[in-house]
Amino acid sequence: MSAETPVQSAGTFTRLRRRFRDWRGSRPFWAGLFTILGGVPIAYFPYATLKLGTMSLTMATTAGAGSLIIGVLLITLGLTMWFQQATRVFAGVAAIILALVSLVVSNIGGFLIGFLFALFGGALAVSWAPGNAEGVEGGRHKPGRGPAGEGAVEPPSQGTGDEPIPPQTPYETGDGGPADGVRSEARNGGYRVG
């Protein structure tokens, strides 16, 4: 091993972490994770066997097949949220409906653990919207972006775009009378007249 090996592995870890962060940020990651975590207890608890000393406690019921189907569907919907972002609203609504059905079919929704995770994941999927960093830069709108065609307002020409726009008073029109719009404060040094 050379002295440079830890630096290379740290660079690889950092690069992979950044790639995962970018991947996670472009999709409803947490919605899919909560939905998957909701499907696991719903599918697992009806088939689990609990050992208490020499006594075995089995929770298998006639609804075991329904619980397995709901759990597998929730896991599939969670993966769909990760890899098919266009169907996130459908997957979210379906996850919410399956979570509600699991209350009746699957041991109170996997003892409420799976129900709450699936319900929360479905709600996150429905409410998630892809971010759009294009068009806004540093709080200022990029020129050339926005509506085009009839009725679109043309931006005023400002030269390079970095020059400040001088302040303009909107009341400097008319022939100079008090009702024509020029502010009375500007006429007599800032004191209000009338």
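Just so it is clear, the model here is predicted, and its values are computed rather than measured. (Residues numbered from 1 in each chain as written. Predicted model: local features only at pLDDT ≥ 70, side-chain atom pairs only at ≥ 80, totals over all residues. Heavy atoms only, no water.)

S.K.: Looking at this structure, I do not really get the overall build of the protein chain. What am I missing?
M.R.: Scanning the protein chain from terminus to terminus reveals 7 helices and 4 strands. Reading the secondary structure of the protein chain in the N-to-C direction produces α-α-β-β-α-α-α-α-β-β-α. Expressed as a percentage of the 194 residues in the protein chain, the buried residues total 23%. Long-range pairs, those at least 24 residues apart, make up 62% of the contacts in the protein chain with a sequence separation of at least 6. (Helix = DSSP H or I, 4+ residues; strand = E, 2+ residues; numbered from the N terminus. Buried < 20%, exposed > 50% of the residue type's maximum accessible area, 1.4 Å probe, protein only. Contact = heavy atoms within 4.5 Å.)

S.K.: What exactly am I supposed to notice about the environment of Ile75 here?
M.R.: Its location among the elements puts Ile75 in helix H3 (residues 64–83). Measuring from C-alpha to C-alpha, the distance between Ile75 and Ala95 comes to 9.4 Å, with 20 residues separating the pair along the chain. If near-sequence neighbours (up to four positions away) are discounted, Ile75 is found in contact with Ile36, Gly39 and Val40.

S.K.: Sorry if this is basic, but what is going on with a nonpolar patch on the surface here?
M.R.: The grouping of Val89, Val93, Ile97, Val101 and Val126 at the surface amounts to a nonpolar patch, some 360 Å² of accessible area in total. Structurally, the position occupied by Ile97 is in helix H4 (residues 88–105). Residue Ile97 is classed as partly exposed on the basis of its relative accessible area, which comes to 48%. (Patch = residues over 30% accessible without salt bridge, like charges linked within 9 Å, V, L, I, M, F, W, Y side chains within 5 Å. Areas by Shrake-Rupley, 256 points an atom, 1.4 Å probe, with all protein chains shown as cover. Salt bridge = Lys/Arg side-chain N within 4 Å of Asp/Glu carboxyl O.)

S.K.: When you look at the packing of H4 against helix H6 (residues 113–127) in this model, what are you seeing that I'm missing?
M.R.: Any two packed helices are characterised by the angle at which their axes cross and by the distance between the axes. Between H4 and H6, the least distance of the axes is 7 Å, while the angle of their chain directions is 160°. Regarding the angle of H4 to H6, the classification is roughly antiparallel. Along this stretch, H4 crosses H6, giving a crossing that reads as left-handed. Between H4, through Arg88, Val89, Gly92, Val93, Ala95, Ile96, Ala99, Leu100, Ser102 and Leu103, and H6, the contact on the second element is made entirely by Phe115, Ala118, Leu119, Gly122, Ala123, Ala125 and Val126. Class assignment for the residues of the contact of H4 with H6 results in 13 nonpolar, 3 polar and 1 charged. (Axes fitted to C-alpha atoms, helices over the stretch in contact; angles between N-to-C directions. Parallel < 35°, antiparallel > 145°, perpendicular 65-115°, else oblique. Left-handed = near helix turned anticlockwise from the far one by under 90°. Nonpolar A, V, L, I, M, F, W, Y, C, P; charged D, E, K, R; others polar.)

S.K.: For this particular structure, what's the right way to read the confidence of the model for the protein chain?
M.R.: Reading fine detail from the predicted coordinates is not recommended where pLDDT is low. In the predicted model, the protein chain carries a mean pLDDT of 75, and the fraction of residues at 70 or more is 59%. Considering each helix and strand of the protein chain separately, the mean pLDDT is smallest for strand E3 (residues 136–137), with a value of 50, and largest for H6, with 93. (pLDDT = per-residue confidence, 0-100.)

S.K.: Is there a simple way to explain H6 in this structure?
M.R.: Working note: α-helix, 3.6 residues per turn, so residues spaced by three or four point in the same direction. Given a rise of 1.5 Å per residue, 15 residues ought to cover 21 Å, and the 21 Å separating the end C-alpha atoms of H6 matches this to within 8%. Inspection of H6 places Gly114, Phe115, Ala118, Gly121, Gly122 and Ala125 among the buried residues, and these make up the whole buried set. For H6, the buried positions fall inside an angular range of 140° around the axis, keeping them on one side. Summarising the geometry of H6, the exposed residues directed more than 90 degrees from the buried face are Leu116 and Ser127. On its buried face, H6 sits against helix H2 (29–44), H3, H4 and helix H5 (107–111). (Expected span 1.5 Å × (residues − 1). Arc of directions from axis to C-beta.)

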